[in-house]
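Structure at a glance
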Amino acid sequence: MVEISILVPTRSRPVRLLDFLQSIIDSTADLSNVEVVLAIDEDDRSYDEMKWPDARFKIVKTIAPQASMGS
């Protein structure tokens with residue numbers, strides 16, 4: 001059961017995303033309670049060959065046309 005879900009806008013920042021994910025890994029006692037939802041713009045190719053961390057939490061990748069945070 002996921003108790004916290006974090007939405008992360010990712011536009012062209014793969015290094016910062018990896019730092020963020022590592023911070024979650026380093027500072028969370030029970031990773032099974034965490035879900036990270038990535039909002040990736042369909043024209044953003046910076047994540048295509050990214051080496052994802054060995055995360056012990058759920059990562060959901062959503063790919064859609066670029067939009068503002070409000071939409």
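In what follows, the structure referred to is the one given above.
Sequence positions are assigned chain by chain, starting from 1 and proceeding in written order. For a predicted model such as this one, the threshold for reporting local features is a pLDDT of at least 70, and the threshold for listing and counting side-chain atom pairs is 80 or more; totals across whole chains, interfaces and linings nevertheless cover every residue. Here the side-chain values reflect all heavy atoms present in the structure, with hydrogen atoms and water set aside.

Side note on the overall build of the protein
Every helix listed is a DSSP run of H or I at least four residues long, and every strand listed is a run of E at least two residues long, numbered separately from the N terminus. Each helix and strand counted, the protein has one helix and three strands in total. Counting helices and strands in the order they occur from the N terminus, the protein gives β-α-β-β. Note that the radius of gyration is over C-alpha atoms, with the globule rule given as 2.2 Å times the number of residues to the power 0.38. For a compact globule of 71 residues, the expected C-alpha radius of gyration is about 11 Å, and the protein comes in at 12 Å, within 12% of that figure. Any residue under 20% of the maximum accessible area for its type is buried, any over 50% is exposed, and the rest in between are partly exposed; the area is computed with a 1.4 Å probe on protein chains only. Every one of the 71 residues in the protein was classed for burial, and the buried ones make up 28%. The Shrake-Rupley method, run with a 1.4 Å probe sphere, supplies the accessible areas, and residue values consider only the shown protein chains as cover. As displayed, the protein offers around 5000 Å² of accessible surface, 52% of which is attributable to carbon and sulfur atoms. We count Lys and Arg on the positive side and Asp and Glu on the negative side, and we leave His and both chain ends out. In this description, the location of a charge corresponds to atom NZ of lysine, CZ of arginine, CG of aspartate or CD of glutamate. Of note, the protein has its 8 positive side-chain charges centred 3 Å away from the centre of its 12 negative side-chain charges.

Brief notes about unusual backbone geometry
With a phi angle near 55°, Ser12 is a residue other than glycine that sits in the positive phi range. Assessed through its relative accessible area of 44%, Ser12 is described here as partly exposed.

Some words on the environment of Thr10
One can find Thr10 in the loop between β1 (4-9) and α1 (14-27). Thr10 gets classed as buried once you look at its relative accessible area, which sits at 3%. Along the sequence, Thr10 and Val37 sit 27 residues apart, while their C-alpha atoms lie 10 Å from each other. In contact with Thr10, other than residues within four places in its own chain, are Leu17, Leu38, Ala39, Ile40, Asp44 and Tyr47. In what follows, a contact means two residues having at least one pair of non-hydrogen atoms within 4.5 Å.

Focus: the environment of Ser5
Here Ser5 shows up in strand β1. For the pair formed by Ser5 and Ile25, sequence separation is 20 residues and the distance between their alpha carbons is 14 Å. Not counting residues within four places of it along the chain, the set of residues in contact with Ser5 comprises Glu35 and Val37. Any N or O atom pair separated by 3.5 Å or less is treated as a polar contact, with the protein-specific requirement of one donor-capable and one acceptor-capable atom, and with residues adjacent in sequence counted only for side-chain atom pairs. A polar contact is formed between the side chain of Ser5 and the side chain of Glu35, at a distance of 2.6 Å.

Structural notes on the pairing of strand β2 (residues 34-41)
Extensive coverage of β2 is indicated by the burial of seven of its eight residues. Place the viewer so that the strands point away; then a crossover is right-handed whenever the path from the first strand over the helix to the second strand goes clockwise. Since β1 and β2 lie parallel, the crossover through α1 that links them has a hand, and here it is right-handed. Paired strands, in this sense, are two strands between which DSSP finds at least two bridges. Pairing between β2 and strand β3 (residues 58-64): seven bridges, direction parallel. If you follow Ile40 over to β3, its bridge partner there is Ile63.

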